[in-house]
Amino acid sequence: MSAPIVETLAVMFLVATLGCAVLRPWGLPEVVVALPAAALLVLLGVLPLSQAGAEAGSLAPTIGFLAAILVLADLCDRHGLFEAAGAWMATGARGRPVVLLALVFAAASLVTAVLSLDATVVLLTPVVLTTVARLQLRAKPHAYACTHLANSASLLLPVSNLTNLLAFRASGLSFGRFGATMALPWLAAIGVEWLVFRRFFAADLVGHGETVAVTPPPAPVFACVVVALTLIGFFVTAVLHVDPAFAALGGAVTLAVPTLVRRRAKIRDVAIALDVPFLAFVLALGLVVKAVSMHGLSSLVVRLVPSGESLGSLLIVAVVAAGLANVINNLPAVLLLLPATAAHGAGAVLAVLIGVNTGPNLTYVGSLATLLWRRVLHQRGEELPISEFLRLGVVTVPLVLTTATLALWLSLRLVG
Amino acid sequence: MKVVIWLVEGTWQGCLAAAVRNLPPDSHVALLHVTPSDITEVAEAATAGLLGRVFARHVPGHHYEEAADQAASQILVAGAARLRREGVELLHRRGRVEREVVSAVAQGVDLLVIARDGDRSRLGPRSLGPATRFVVDHAPCSVLLVWPEEPPGIESIPPPPEGHRPPPGPHREGLPGMPQPPLP
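Thresholds, definitions, all that
Residues numbered from 1 in each chain as written. Chains lettered and ligands numbered in written order. Predicted model: local features only at pLDDT ≥ 70, side-chain atom pairs only at ≥ 80, totals over all residues. Helix = DSSP H or I, 4+ residues; strand = E, 2+ residues; numbered from the N terminus. Buried ≥ 20, exposed ≤ 12 C-beta atoms within 10 Å, placed from the backbone. Contact = placed C-beta atoms within 7 Å. Rg over C-alpha atoms; globule rule 2.2 N^0.38 Å. Core = buried A, V, L, I, M, F, W, Y, C linked by C-beta atoms within 7 Å. Nonpolar A, V, L, I, M, F, W, Y, C, P; charged D, E, K, R; others polar. Expected span 1.5 Å × (residues − 1). Pairing = 2+ DSSP bridges. Axes fitted to C-alpha atoms, helices over the stretch in contact; angles between N-to-C directions. Parallel < 35°, antiparallel > 145°, perpendicular 65-115°, else oblique. Left-handed = near helix turned anticlockwise from the far one by under 90°. pLDDT = per-residue confidence, 0-100.

**Student:** Before we go on, may I ask you to explain the overall build of chain B in this structure?
**Tutor:** Summing up its helical and strand segments, chain B has six helices and five strands in all. Taken from the N to the C terminus, the helices and strands of chain B come in the order β-α-β-α-α-α-β-α-β-α-β. A total of 184 residues make up chain B; the buried ones form 35% of that total. Partitioning the contacts of chain B with sequence separation of at least 6, the portion at a separation of at least 24 is 76%.

Pasting the structure below:
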């Protein structure tokens, strides 16, 4: 096949994959289109089998790592970690809305950093909302805090976001060095969000709620210890030149065994938490994007992305990444940008992460035309809070993006 | 006289206390609480943005609305108990808060009592929250805006800028033909 045809085919398959991920016809999971698309690209010779094999091989450890983190977070929930976090926040806040917001910020930032943004969105947010309702406080600032921090606070560790996991290997950094370099940008992003939230939601952070005396659930000591040890394990394995995915696997197994033995969960529950269709989707999307970047698009990306680790180039990289993440969602965006930026060094890769992780707060639901305008807006017959979401995004994202990139630039000089 | 008192989390106690001091004795009182309908959507939109996650969609749904409804009825019942009068009507609505409040007082209501919210450390044109501002602007009845706490003193007015010359005064002369005000 001629080059333009191959190029067009690859792009068409990517568009189809992403289109179906947004539309999800008949409620089918995203993987149902993504996997055949990847297979067809290999069969048609657009993506040579050897290249596909190499890409799958390089994605496999990342996907394993992801699987372990998904299971770990789910088991933490089964051990009552998130419910306990809700009780701690309620007790600590004692009815004061600003204190509660500070505690929500702390919880969301930590959960996102250690157990990934999925855990914050899926497991922590419902707990925060019920806690706010029980304290008879206004829920809006706290709900937005969870959704914003799931993105902004996912800069710290390779495990915090799937985008980080994908970039981790490309960056060539150790787990410890990744964390040390991103600590300052992480804190900067959270700090900026805090300042904006205090001002933006000033009207909702007034008065005093109830100081409800809830009998606290039993402290999930075991889960806390396992998570802490897993966290230490990430750094220790890196020093020992063992893949940090094994630390996550160790943590997941340690939590799973007593849960299964005491029949608090069935094998089936763990399998659901493992989310095999999602793992397959990541693999298939990786292959489709590989086909696209092999045929022309990567050279375009190379031209778009400047080299060097000056503040100016880091900022451009972060802005391009944020823009792309808002157009095509951050997962394909990071896959597209990585090959081009990895050649420019770790600084550029980390700037990409600042862009793709904090950028999605700009538009409702991290875009793909804001998930096709939240799939035909009126399906639920309700007005959606899109304008408020966008206003908050317009205020926070440019500030977070520049401050975090500035912090990264500083950090690269301090940590090296 | 039909009076509706809008109760909001965080300020409803103060609002009620201030309302009680200002209510005409023969008034028919209704307490109103609106649960915002967009909170769940904020949370669900974040889940929708996670491409490919099948598991995330199978996690049992959010319990916010249940908890929020419970909180709403607690606030309304506690509010009615504080009023200590007969025949208090309790109104609970769900939706876009500011619009629900305006539509709740659209017919046959003479007075709506609401608490000031907003950032009281920065008084000025935007010192009311957006929902309160909307209700003040659009409510088709009289609106009594009360402080949910101790009102600030007159010293909350910022001092005039440097070099500002106040107009000659005090204007105690009155207008021609009017009786002279007594001197202090």
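From this point, the discussion proceeds with the structure in view.
**Student:** What should I look at first to understand the overall build of chain A in this one?
**Tutor:** Broken down by element type, chain A carries 18 helices and zero strands. Since a compact globule built from 416 residues should have a radius of gyration of about 22 Å, the 21 Å found for chain A is in line with a globular shape. Reported as C-alpha extents along the three principal axes, the dimensions of chain A are approximately 70 × 50 × 50 Å. The burial tally for chain A puts 57% of its 416 residues in the buried class. A separation of at least 24 residues holds for 81% of the contacts in chain A among residues at least 6 apart in sequence.

**Student:** How should the nonpolar core be read in this particular structure?
**Tutor:** Nonpolar side chains in soluble globular proteins tend to be buried together. Ala284 and Val288 of chain A together with Ile5 of chain B are the most contacted members of the largest nonpolar core, which has 197 residues in total. For valine 288 of chain A, the contacting residues outside a window of four places in its chain are Phe13, Leu14, Thr17, Ala34, Ala37, Ala38 and Leu41 of chain A.

**Student:** Teacher, can you tell me more about the interface of chain B and chain A here?
**Tutor:** One widely used convention gives an interface's size as the accessible area the parts lose upon coming together. Listed per partner, the contact involves 38 residues of chain B and 51 residues of chain A. Going through the elements one at a time, α2 (39-48), α3 (55-58) and α4 (64-83) of chain B are the ones with two or more residues in the side of chain B that touches chain A. With eight residues, α2 of chain B is the single largest residue contributor to the side of chain B that touches chain A. Grouping the constituent residues of the side of chain B that touches chain A by class yields 20 nonpolar, 11 polar and seven charged.

**Student:** How do you make sense of helix α11 (residues 245-261) of chain A when you look at a structure like this?
**Tutor:** Given 3.6 residues per turn, any residue in an α-helix points the same way as the ones three and four places further on. Residues and elements named next belong to chain A. With 17 residues, α11 should reach 24 Å at 1.5 Å per residue; the first-to-last C-alpha distance of 24 Å fits that figure. Every buried residue of α11 is accounted for by Ala245, Ala247, Ala248, Leu249, Gly251, Ala252, Leu255, Ala256 and Thr259. Contacts made by the buried residues of α11 are with α3 (49-78), α10 (221-239) and α12 (267-274). Backbone geometry just downstream of α11 places arginine 263 in the positive-phi region, at approximately 55°.

**Student:** Could you clarify how one ought to interpret the pairing of strand β4 (residues 111-115) of chain B in this entry?
**Tutor:** Each regular strand displays side chains that alternate between the two surfaces of the sheet. Residue and element names in this part refer to chain B. Burial runs high along β4: five of the five residues are buried. By the alternation rule, side chains of β4 split into Leu111, Val113 and Ala115 and Leu112 and Ile114, which are all buried. Direction of pairing for strand β1 (residues 2-6) relative to β4: parallel, over a ladder of three bridges. Within β4, the position partnered with valine 3 by the bridge is leucine 111. Note: β4 against strand β5 (residues 142-146), five bridges, orientation parallel. Counterpart to isoleucine 114 in the pairing with β5 is leucine 145.

**Student:** Explain the packing of helix α15 (residues 330-342) of chain A against helix α16 (residues 346-358) of chain A here, please?
**Tutor:** Residues and elements named next belong to chain A. One can describe the packing of α15 onto α16 by two numbers: an axis separation of 10 Å at closest approach and a directional angle of 165°. Judged by the inter-axis angle, α15 sits roughly antiparallel to α16. Read as a crossing pair, α15 and α16 show a hand that is right-handed. Here α15 contributes Asn330, Ala333, Val334, Leu337, Leu338, Thr341 and Ala342 to the contact with α16, which in turn contributes Ala348, Val349, Val352, Val356 and Asn357. Residues of the contact of α15 with α16, tallied by class, amount to nine nonpolar, three polar and no charged.

**Student:** Mind showing me how you'd approach unusual backbone geometry here?
**Tutor:** Among all residues save glycine, negative phi is the norm, and among peptide bonds the norm is trans. Even without glycine at this site, aspartate 275 of chain A takes up a positive phi of about 55°. In this fold, aspartate 275 of chain A is placed in the loop between α12 and α13 (276-304). Here aspartate 275 of chain A falls in the buried class, since 24 other C-beta atoms lie within 10 Å of it. Look at arginine 84 of chain B: it is not a glycine, yet its phi comes out positive at around 50°.

**Student:** Help me understand the confidence of the model for chain A in this model?
**Tutor:** In low-pLDDT regions, the fine details of the predicted coordinates are not to be read closely. Per-chain confidence: chain A averages 86 in pLDDT, with 93% of residues scoring 70 or above. The element-level mean pLDDT for chain A is lowest in helix α17 (residues 368-376) of chain A, coming to 60, with helix α5 (residues 97-115) of chain A highest at 95.

**Student:** What exactly am I supposed to notice about the confidence of the model for chain B here?
**Tutor:** Looking at chain B as a whole, its pLDDT mean stands at 82, while 85% of the residues score no less than 70. Per-element confidence in chain B ranges from a low mean pLDDT of 59 for α3 of chain B to a high of 93 for helix α5 (residues 97-104) of chain B.

**Student:** Sorry if this is basic, but what is going on with the environment of leucine 123 of chain A here?
**Tutor:** Residues and elements named next belong to chain A. Within the secondary structure, leucine 123 sits in helix α6 (residues 117-134). Leucine 123 sits in the buried class, given 21 other C-beta atoms within 10 Å. A C-alpha to C-alpha distance of 9.6 Å links leucine 123 and cysteine 76, two positions 47 residues apart in sequence. Beyond its immediate chain neighbours, meaning those up to four positions away, leucine 123 contacts Ala73, Asp77 and Phe82.

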